[in-house]
Amino acid sequence: MSWALILAISLIVFCNRYLFLEPRIHLKLPHVIQRMLHYSAPCLLTAISAPVIFYDAEQFRPILSNAYLYAALATSAFYLMTKHLLYSAILGFISFYLLYYWVFAH
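Worth saying up front: this structure is predicted, and the values here are computed from it rather than measured. (Residues numbered from 1 in each chain as written. Predicted model: local features only at pLDDT ≥ 70, side-chain atom pairs only at ≥ 80, totals over all residues. Heavy atoms only, no water.)

Student: Can you tell me about the overall build of the protein chain, naming the residues and giving the values?
Tutor: Of regular secondary structure, the protein chain possesses five helices and zero strands. Of the regular secondary structure in the protein chain, the N- to C-terminal order runs α-α-α-α-α. At 17 Å, the protein chain has a C-alpha radius of gyration far larger than the 13 Å of a compact globule built from 106 residues. C-alpha extents for the protein chain along the principal axes are approximately 55 × 35 × 20 Å. (Helix = DSSP H or I, 4+ residues; strand = E, 2+ residues; numbered from the N terminus. Rg over C-alpha atoms; globule rule 2.2 N^0.38 Å.)

Student: Could you give an account of the confidence of the model for the protein chain, with specific residues and numbers?
Tutor: Regions with low pLDDT should not have their predicted coordinates read in detail. Residues at a pLDDT of 70 or more form 98% of the protein chain, whose mean pLDDT is 85. When pLDDT is averaged over each helix and strand of the protein chain, the minimum, 81, is found for helix α1 (residues 3-21) and the maximum, 93, for helix α4 (residues 67-82). (pLDDT = per-residue confidence, 0-100.)

Student: Could you give an account of the state of the cysteines, with specific residues and numbers?
Tutor: A full pass over the atoms with the stated rule returns zero disulfides. In this model C15 remains outside any disulfide bridge; the closest cysteine sulfur is found in C43, 18 Å from its own. Overall, C43 belongs to the exposed group, its relative accessible area being 52%. (Disulfide = S-S within 2.5 Å. Buried < 20%, exposed > 50% of the residue type's maximum accessible area, 1.4 Å probe, protein only.)

Student: Requested: an account of the side chain of R61, with residues and values cited.
Tutor: If you trace the backbone, R61 turns up in the loop between α3 (40-54) and α4. D56 is the oppositely charged side chain nearest to the buried, salt-bridge-free R61, at an N-O distance of 4.1 Å. There is a polar contact of 3.4 Å between the side chain of R61 and the backbone oxygen of I53. Polar contacts involving the side chain of R61 include one to the main-chain carbonyl oxygen of Y55, which spans 3.2 Å. (Lys, Arg positive; Asp, Glu negative; His and termini not counted. Salt bridge = Lys/Arg side-chain N within 4 Å of Asp/Glu carboxyl O. Polar contact = N/O pair within 3.5 Å; in protein donor to acceptor, adjacent residues only side chain to side chain.)

Student: Outline the packing of aromatic side chains, supporting the account with residue identities and numerical values.
Tutor: If you walk through the whole model with that rule in mind, you get eight aromatic pairs. Aromatic pair Y68 and Y100: ring centres 6.2 Å apart, planes at 65°, arrangement edge-to-face. One end of the pair, Y68, is in helix α4; the other, Y100, is in helix α5 (residues 85-103), and 32 residues separate them in sequence. For Y68, a relative accessible area of 25% gives the class partly exposed. Among the aromatic side chains, those forming a connected cluster through ring pairs are Y68, F96, Y97, Y100 and Y101. (Phe/Tyr/Trp six-rings, centres within 6.5 Å; stacked < 30°, edge-to-face > 60°.)

Student: Can you break down α5 residue by residue, with the values?
Tutor: The end-to-end C-alpha distance of α5, which contains 19 residues, comes to 25 Å, matching closely the 27 Å that a straight helix rising 1.5 Å per residue would cover. Every buried residue of α5 is accounted for by S88, G92, S95 and F96. In an axial view of α5, the angular spread of the buried residues amounts to 105°, which keeps them on one side of the axis. Across α5 from its buried face, at more than 90 degrees, point the exposed residues L86, F93 and W102. Where α5 is buried, its residues contact α4. (Expected span 1.5 Å × (residues − 1). Arc of directions from axis to C-beta. Contact = heavy atoms within 4.5 Å.)

Student: Tell me about unusual backbone geometry, and please be specific about residues and values.
Tutor: If you check the backbone angles, E58 has positive phi at about 65° while not being a glycine. Following the sequence through the fold, E58 ends up in the loop between α3 and α4. In the Ramachandran plot, K83 falls in the positive-phi region, its phi being about 55° despite a non-glycine side chain. Structurally, K83 is set in the loop between α4 and α5. Taking the relative accessible area as the measure of exposure, K83 reaches 55% and is therefore exposed.

In structure tokens:
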């Protein structure tokens with residue numbers, strides 16, 4: 001996935017969330033739509049990260065040697081334990097690099 005596409009999708013999500021959820025902007029949406037907008041970032045993140053985790057240049061990554069999958073699972077576990085997104089992301093990056101370079105690269 002190209003960097004331009006990732007940045008464009010990020011900009012669209014940011015604008016949507018900012019316009020509709022910022023309290024200083026007097027644009028009121030029904031409560032149901034506001035609740036749905038809270039799920040837009042996780043849904044988009046899943047749609048972007050799933051191909052990265054499971055595919056490598058249009059080829060399925062083997063499950064047993066997939067550092068991306070194990071790091072994603074570790075990041076999810078870190079979040080369930082800490083309930084803090086920034087700490088979980090940092091621990092997830094560290095776990096990915098440890099797995100990728102020290103375990104699966106050899």
